[in-house]
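# Structure assessment
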Amino acid sequence: MAHSIDVAALLDIVVSQLRAAGIRASVDPRDLNPPCAWVAARTVAHDLLGGGGTVTADIYLIAPNIGVPQALKTLTGLLDQALTVIAPDADTSLSERVPLPSGGDPLPAFRITVDLETC
């Protein structure tokens, strides 16, 4: 019988790592309070015969909408913190915008992509 892939548990591990690095992080956009990180699952590759695979997740580092120069400083600081506990699996995107459920303009963000392997 194939093993299920616990996407929520994998994302929670990433959230815990980011929090250990001093970054407010969540998988739930309703809980975000910038500066912070939002961890979101993007895809799953079913690449193991026993049912395991690789979940690709995006970590959006989000800054308040405080002007481009200050947002870049904030995001760069968040990126430095995140890289102490996260090893990216792709180039970091520096030109993202993230809308929050509370409304308002999309906020400036960097995106880190990670691959999370399951058994």
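### Things to note about the packing of aromatic side chains
- Summed over the entire model, instances satisfying the criterion amount to one aromatic pair.
- Ring geometry for Trp38 versus Tyr60: centroids 5.3 Å apart, planes at 25°, classification stacked. Of this pair, Trp38 sits in strand E2 (residues 36-45) while Tyr60 sits in strand E3 (residues 54-62), and the two are 22 residues apart along the sequence.
- Assessed through its relative accessible area of 15%, Tyr60 is described here as buried.

### Overview of a negative patch on the surface
- Taken together, the side chains of Asp47, Asp89, Asp115 and Glu117 define an acidic patch exposed on the protein surface.
- The residue Glu117 is located in strand E5 (residues 107-117) in this model.

### Some remarks on the confidence of the model for the protein chain
- A residue-level look at the protein chain finds 93% of positions with pLDDT of 70 or above and a mean pLDDT of 92.
- Looking at the elements of the protein chain, mean pLDDT is at its lowest for E2, recorded as 95, and at its highest for strand E1 (residues 25-26), recorded as 98.

### Focus: the pairing of E2
- Relative to E2, E1 is paired through two bridges, and the arrangement is parallel. Bridge pairing in E2 links Ala25 to Ala37.

### Concerning the sheet that holds E3
- Taken in spatial order, the five strands make up an open sheet running E1-E2-E3-E5-E4, and their pairing is mixed. Bordering the open sheet on either side are E1 and strand E4 (93-98), each of which pairs with just one other strand.
- For E3 and E5, the ladder comprises nine bridges, and the chain directions are antiparallel. Of the residues in E5, the one forming a bridge with Ala57 is Val114.

### Comments concerning the pattern of salt bridges
- For the coordinates displayed, the defined rule picks out three salt bridges.
- Between Arg42 and Asp58 there is a salt bridge, with its nearest N and O atoms 3.0 Å apart. Of the two residues, Arg42 sits in strand E2 while Asp58 sits in strand E3, which places them 16 residues apart along the sequence.
- Among the residues examined, Arg42 registers a relative accessible area of 45% and is labelled partly exposed.
- Classification of Asp58 by relative accessible area gives buried; the value is 5%.

Parameters and conventions
- Residues numbered from 1 in each chain as written.
- Predicted model: local features only at pLDDT ≥ 70, side-chain atom pairs only at ≥ 80, totals over all residues.
- Heavy atoms only, no water.
- Phe/Tyr/Trp six-rings, centres within 6.5 Å; stacked < 30°, edge-to-face > 60°.
- Helix = DSSP H or I, 4+ residues; strand = E, 2+ residues; numbered from the N terminus.
- Buried < 20%, exposed > 50% of the residue type's maximum accessible area, 1.4 Å probe, protein only.
- Patch = residues over 30% accessible without salt bridge, like charges linked within 9 Å, V, L, I, M, F, W, Y side chains within 5 Å.
- Areas by Shrake-Rupley, 256 points an atom, 1.4 Å probe, with all protein chains shown as cover.
- Salt bridge = Lys/Arg side-chain N within 4 Å of Asp/Glu carboxyl O.
- Lys, Arg positive; Asp, Glu negative; His and termini not counted.
- Charge placed at Lys NZ, Arg CZ, Asp CG, Glu CD.
- pLDDT = per-residue confidence, 0-100.
- Pairing = 2+ DSSP bridges.

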